Amino acid sequence: MEKKVLENKLKYQAKQIGWRILTAIILTLTAVITVYVYAAFVEPSAGPSFSDQDFTQNILGANNADNDFDSSAVTVNNDGSVIERLEYIVDYLDSR
């Protein structure tokens, strides 16, 4: 009789392990598919040359002669930001 009880317990445990493995596989595949969907790269509809880069917050400006960024409020600082260092260089060169 003990042999039969042991056999039934082993079958039950094997069934439970099978369900756990199946659940782990499904959850893993769901996570992989979700990451793939969210990380998929979408090509822009227009190239960089067609985009409008001329706006007030864009310190680098657009590739044209009249940019919207106003650098008149930038102060000269030899160890500050890039734009402040450029102002320092310009002032230095103007003073020579």
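Described below are features of the structure shown in this document. (Residues numbered from 1 in each chain as written. Predicted model: local features only at pLDDT ≥ 70, side-chain atom pairs only at ≥ 80, totals over all residues. Heavy atoms only, no water.)

### A short note on the overall build of the chain
For step 1, the next point in the chain: Of the regular secondary structure elements, the chain holds 2 helices and 0 strands.
For step 2, the next point in the chain: Taking all 96 residues of the chain together, 5% fall into the buried category.
For step 3, the next point in the chain: Considering only intrachain contacts with a sequence separation of at least 6, the fraction spanning at least 24 residues in the chain is 3%.
For step 4, the next point in the chain: Surface exposure of the chain reaches about 9000 Å², of which carbon and sulfur atoms provide 61%. (Helix = DSSP H or I, 4+ residues; strand = E, 2+ residues; numbered from the N terminus. Buried < 20%, exposed > 50% of the residue type's maximum accessible area, 1.4 Å probe, protein only. Contact = heavy atoms within 4.5 Å. Areas by Shrake-Rupley, 256 points an atom, 1.4 Å probe, with all protein chains shown as cover.)

### Considerations on a nonpolar patch on the surface
For step 1, the next point in the chain: Among the surface-exposed residues, Ile17, Ile21, Ile25, Leu29, Ile33, Tyr36 and Val37 lie close enough to one another that they form a single nonpolar patch of about 740 Å² accessible area.
For step 2, the next point in the chain: Here Ile25 shows up in helix H1 (residues 2–39).
For step 3, the next point in the chain: We classify Ile25 as partly exposed; its relative accessible area is 43%. (Patch = residues over 30% accessible without salt bridge, like charges linked within 9 Å, V, L, I, M, F, W, Y side chains within 5 Å. Salt bridge = Lys/Arg side-chain N within 4 Å of Asp/Glu carboxyl O.)

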